Amino acid sequence: MQFYIKLLLQLALIFFVSTATAAETLESILERAAAQQNVAIDYREVRHLQMLNEPWQAEGKMIVTASAFVIDQLAPQRQLLTANKHRYWLYMPEAEIRRTGMVTSPMAQRSFGLFKPIMNGDRDALEKEFDIHFTATDKRWLLELKPKRTGRALYARITVQGEDGHPASYMKTEMVDGDFTEWFFQQQPFTSSEESSVKRLMDEARGN
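Residues numbered from 1 in each chain as written. Predicted model: local features only at pLDDT ≥ 70, side-chain atom pairs only at ≥ 80, totals over all residues. Heavy atoms only, no water.

## As for the overall build of the protein
Scanning the protein from N- to C-terminus turns up five helices and 11 strands. Looking at the protein as a whole, 45% of its 208 residues are labelled buried. The contacts in the protein between residues at least 6 apart in sequence include a share of 47% that link residues at least 24 apart. Surface exposure of the protein reaches about 10500 Å², of which carbon and sulfur atoms provide 50%. (Helix = DSSP H or I, 4+ residues; strand = E, 2+ residues; numbered from the N terminus. Buried < 20%, exposed > 50% of the residue type's maximum accessible area, 1.4 Å probe, protein only. Contact = heavy atoms within 4.5 Å. Areas by Shrake-Rupley, 256 points an atom, 1.4 Å probe, with all protein chains shown as cover.)

## Overview of unusual backbone geometry
A cis geometry characterises the amide bond from A75 onward to P76, with omega recorded as 5°. Inspection of the secondary structure assignment puts P76 in the loop between β3 (69–75) and β4 (79–83). If you check the backbone angles, E96 has positive phi at about 55° while not being a glycine. Inspection of the secondary structure puts E96 in the loop between β5 (87–92) and β6 (97–102). Owing to a relative accessible area of 73%, E96 belongs among the exposed residues under this scheme.

## Description of the pairing of strand β8 (residues 140–147)
In this structure, strand β7 (residues 130–136) lies alongside β8, joined through seven bridges in antiparallel fashion. What sits directly across from D131, in β8, is K146. Connecting β7 to the next strand, β8, in antiparallel fashion are three residues. In the sheet, β8 pairs with strand β9 (residues 157–163) via six bridges, with the strands oriented antiparallel. Bridging from a neighbouring strand, W141 pairs with G162 of β9. (Pairing = 2+ DSSP bridges.)

## Some words on the pattern of salt bridges
Where side chains of opposite charge bring their charged atoms close, a pairing between them can arise. Applying the stated rule across the entire model yields nine salt bridges. Residue R78 pairs with D72 through a salt bridge whose shortest N-O separation is 2.7 Å. On the basis of relative accessibility, which here comes to 24%, the residue R78 falls in the partly exposed class. The class for D72 is buried, based on a relative accessible area of 11%. (Salt bridge = Lys/Arg side-chain N within 4 Å of Asp/Glu carboxyl O.)

## A word on the packing of aromatic side chains
Enumeration over the complete set of coordinates arrives at two aromatic pairs. With a centroid separation of 6.1 Å and 45° between ring planes, the pair formed by Y43 and W183 is classed as tilted. Here Y43, found in strand β1 (residues 39–48), pairs with W183, found in strand β11 (residues 180–188); they are 140 residues apart in sequence, far enough to count as distant. Classification of Y43 by relative accessible area gives buried; the value is 3%. A residue is classified by how much of its surface remains accessible, and W183, at 1% relative accessible area, is buried. It is R98 that lies over the ring of Y91; its NZ or CZ is 3.8 Å from the centre. The ring of W89 is capped by R206, whose NZ or CZ atom sits 4.4 Å from the centre of that ring. (Phe/Tyr/Trp six-rings, centres within 6.5 Å; stacked < 30°, edge-to-face > 60°. Lys NZ or Arg CZ within 6 Å of the ring centre and 35° of its normal.)

## What to know about the nonpolar core
Counting 25 residues, the largest nonpolar core has Y43 and V160 as the members making the most contacts within it. Counting residues in each nonpolar core, the second largest holds 10 residues, with V70, W89, V198 and A205 among its members. (Core = buried A, V, L, I, M, F, W, Y, C linked by side-chain atoms within 4.5 Å.)

## Some thoughts on the environment of H86
Here H86 lies in the loop between β4 and β5. Since its relative accessible area comes to 53%, H86 is described here as exposed. Taking C-alpha positions, H86 is 5.9 Å from M102, a pair spaced 16 residues apart along the chain. If sequence neighbours within four positions are ignored, H86 has contacts with G101, M102 and V103.

## Focus on the sheet that holds β8
Spatially, β6-β5-β4-β3-β2-β1-β11-β10-β9-β8-β7 is the arrangement adopted by the 11 strands of the open sheet, whose pairing is antiparallel. Among the strands making up the open sheet, the edge pair consists of β6 and β7. Each neighbouring strand pair of the sheet contributes to a mean axis angle of 15°, computed without reference to strand direction. (Axes fitted to C-alpha atoms, helices over the stretch in contact; angles between N-to-C directions.)

Below is the structure:
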């Protein structure tokens, strides 16, 4: 399940990387979300779990295009998660583990159905799934999403923040049991090198 959660969080970034200013509205952000094609982000993930004395941390790179996405976790251990519109592939080199599955599986659909409105920039569908609270000042903007159908949701609340005029730099996902995860983002220029990396990493995850 943790791999699906990470996968969906990164998919949500297709929406979250859109910029916002104090004068903007949720509609204008969603319009840019629908038009967003290529994204490259350095990330740091910090999980706060009740069963652990210290937070668990990871860092790596995420690349999203119109037809594929890649999460290349570099630390604490290498872990590669890739997907296209139909399948996902997980590769853990140190453990010599490879897994694959359909993104249309019941488990994936339970989650993708929740995040699809975000990826598509669909205001009506988004409001059907979430209670939305959006605020913006001359310094920062904040988006808070609370699932309306809590029985089928993976998260109790999702909070996204960024500086005025800039993409999201922080996201927090809260679980019903009190566990939560913080994400710190730094968007990078999408270059031809990033485009080449997508194919190389997709092939690596597939074992080609």
